[in-house]
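Next come the chains, spelled out residue by residue.
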Amino acid sequence: MDFKMNKLLKKMMVALLSLGLVQAVWADNVPDFKETLQAAEQGNAKAQFYLGVMYANGQGVRQDEKQAEYWYRKAAEQGNASAQYNLGVMYENGQEVRQDPVQAVQWYRKAAEQGLAEAQYNLGGMYAKGRGIRQDDVQAAQWFRKAAEQGYAAAQYNLGVMYANGRGVRQDEKQAVHWYRKAAEQGVADAQNNLGVRYVQGRGVRQDEKQAVQWYRKAAEQGHAQAQFNLGWMYDKGQGVRQDGEQAVQWYRKAAEQGNVKAQFNLGWMYANELGVRQDEKQAVQWYRKAAEQGDAHAQLALGWMYVTGQGGRQDVVIAKEWFGKACDNGLQLGCEAYRHFDGTEF
């Protein structure tokens with residue numbers, strides 16, 4: 001490679017690796033494209049990879065996924081790990097090539113064996129899901145570990161899950177906490193929430209509800225619905241934080257609006273019982289209904305009683321009985337008792 005090409009490559013920003021394609025971002029510059037094309041046509045693998053990125057992102061040239069795939073393949077066949085990874089992603093997702101998980105695994109493996117953390121993570125995921133290869137939790141854990149030890153946050157979280165559930169490794173709560181913490185410190189919301197759960201339960205770590213609140217909050221502020229519910233619960237019950245009904249309602253609402261069924265039920269309960277919010281039976285019915293329609297037995301029972309009493313709407317014992325029956329079908333004994341009572345079989 002001549003000095004001019006070396007200078008060009010140094011000007012290119014470092015490729016950003018993610019679960020999607022490797023991407024590089026720099027200002028559109030047609031001369032740069034021409035120089036990169038020249039080097040790529042001369043067989044320079046790094047230039048071939050960068051040319052694929054340029055075509056993929058429409059940088060200095062019209063976007064063309066087929067050309068991106070062509071140049072990634074050229075570079076991949078010369079052993080460029082980033083190109084091998086990108087080609088694997090294209091096969092996994094069916095981008096400009098026929099979707100082929102087997103081919104995806106082959107290219108991920110080539111890149112993973114060169115130490116590319118993103119490829120190691122994706123290869124672990126293919127083993128975990130049994131996509132393109134026989135399902136194998138042991139292999140999944142091994143590849144997640146390789147990526148995790150390089151600091152790849154998603155792999156650290158997945159390895160924590162493997163240890164928590166004894167998948168591919170011996171169950172070990174301390175190791176689960178260890179890897180959750182590493183991912184959590186990098187901002188992975190799922191890991192932050194799971195670490196909070198471990199602090200509440202004292203699993204793999206000394207019980208510490210204040211620490212739990214801190215980790216729930218970090219995840220909740222990222223929009224993690226389960227963490228929002230968990231933080232609401234801590235405020236509701238005064239665990240690890242001063243009891244505060246208004247804060248509980250605020251976090252329950254955020255989770256409920258994302259469809260979290262437990263938060264929907266709890267928010268209904270708060271409205272029905274004037275806890276942290278002005279009593280509003282119509283709002284209570286609305287949130288009970290949302291949770292009930294998702295199959296929550298306690299919400300189905302509560303909604304049934306709202307129809308019995310006419311709170312928040314019209315009184316209707318027939319509809320009440322239907323909701324009691326649903327609660328019973330979902331295993332709630334009180335629902336069965338209420339259903340029998342209004343069915344006339346018990347007075």
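In case you missed it, the structure is sitting above this.
Keep in mind that this is a model prediction, so the values were computed, not measured.

> For the overall build of the chain, give the residues involved together with the corresponding values.
When helices and strands are counted, the chain shows 19 helices and zero strands. For the chain, with 347 residues in total, the buried portion stands at 48%. At a minimum sequence separation of 6, the contacts of the chain that also span at least 24 residues come to 47%. Surface accessibility of the chain: about 17000 Å² in total, with carbon and sulfur atoms responsible for 45%.

> Let's hear about the state of the cysteines: which residues, and what values?
Evaluation of the coordinates by the stated rule reveals one disulfide. Covalent S-S linkage joins cysteine 328 and cysteine 336, the inter-sulfur distance amounting to 2.0 Å. Its S-S torsion of about 90° marks the bond between cysteine 328 and cysteine 336 as right-handed, since a negative value means left-handed. Relative accessible area serves as the criterion here: at 11%, cysteine 336 is assigned to the buried category.

> Tell me what's going on with the pattern of salt bridges, and back it up with residues and numbers.
Taken as a whole, this structure holds 11 salt bridges when the rule is applied. The salt bridge involving arginine 167 is made with aspartate 137; its shortest N-O contact spans 2.8 Å. Taken as a pair, arginine 167 in the loop between helix H9 (153-165) and helix H10 (173-185) and aspartate 137 in helix H8 (residues 137-148) lie far apart in primary sequence, 30 residues in all. Assessed through its relative accessible area of 32%, arginine 167 is described here as partly exposed. In this structure, the salt-bridge partner of aspartate 316 is arginine 314, at a minimum N-O distance of 2.6 Å. Counted as one network, the salt bridges with shared partners bring together Glu173, Arg198 and Arg203.

> Residues and numbers for the packing of aromatic side chains, please.
Taken as a whole, this structure holds 15 aromatic pairs when the rule is applied. Each ring, one from tyrosine 121 and one from tyrosine 152, has its centre 5.3 Å from the other, and the planes form 45°; the classification is tilted. With a gap of 31 residues between them, tyrosine 121 in helix H7 (residues 117-129) and tyrosine 152 in the loop between H8 and H9 connect regions that are remote in the sequence. Overall, the relative accessible area of 14% leaves tyrosine 152 in the buried class. A network of ring pairs unites the aromatic residues Phe49, Tyr50 and Tyr72 as a single cluster. Here lysine 146 stacks its cationic end above the ring of tryptophan 143, 5.6 Å away from the centre of that ring.

> An account of the side chain of glutamine 228 is requested, with residue identities and associated values reported.
Examined against the element boundaries, glutamine 228 turns out to sit in helix H13 (residues 225-237). Beyond its immediate sequence surroundings of up to four residues, glutamine 228 is in contact with Ala220, Gly223, Trp251, Lys254, Ala255 and Gln258.

> Just give me the short version of the environment of glycine 204, but keep the residues and values in it.
Structurally, glycine 204 can be placed in the loop between helix H11 (189-201) and helix H12 (209-220). Here the alpha-carbon distance between glycine 204 and alanine 164, two residues 40 residues apart in the chain, equals 9.4 Å. In contact with glycine 204, other than residues within four places in its own chain, are Glu173, Lys174 and Val177.

How each quantity is defined
Residues numbered from 1 in each chain as written. Predicted model: local features only at pLDDT ≥ 70, side-chain atom pairs only at ≥ 80, totals over all residues. Heavy atoms only, no water. Helix = DSSP H or I, 4+ residues; strand = E, 2+ residues; numbered from the N terminus. Buried < 20%, exposed > 50% of the residue type's maximum accessible area, 1.4 Å probe, protein only. Contact = heavy atoms within 4.5 Å. Areas by Shrake-Rupley, 256 points an atom, 1.4 Å probe, with all protein chains shown as cover. Disulfide = S-S within 2.5 Å. Salt bridge = Lys/Arg side-chain N within 4 Å of Asp/Glu carboxyl O. Phe/Tyr/Trp six-rings, centres within 6.5 Å; stacked < 30°, edge-to-face > 60°. Lys NZ or Arg CZ within 6 Å of the ring centre and 35° of its normal.

Geometric values such as these leave the question of function open.
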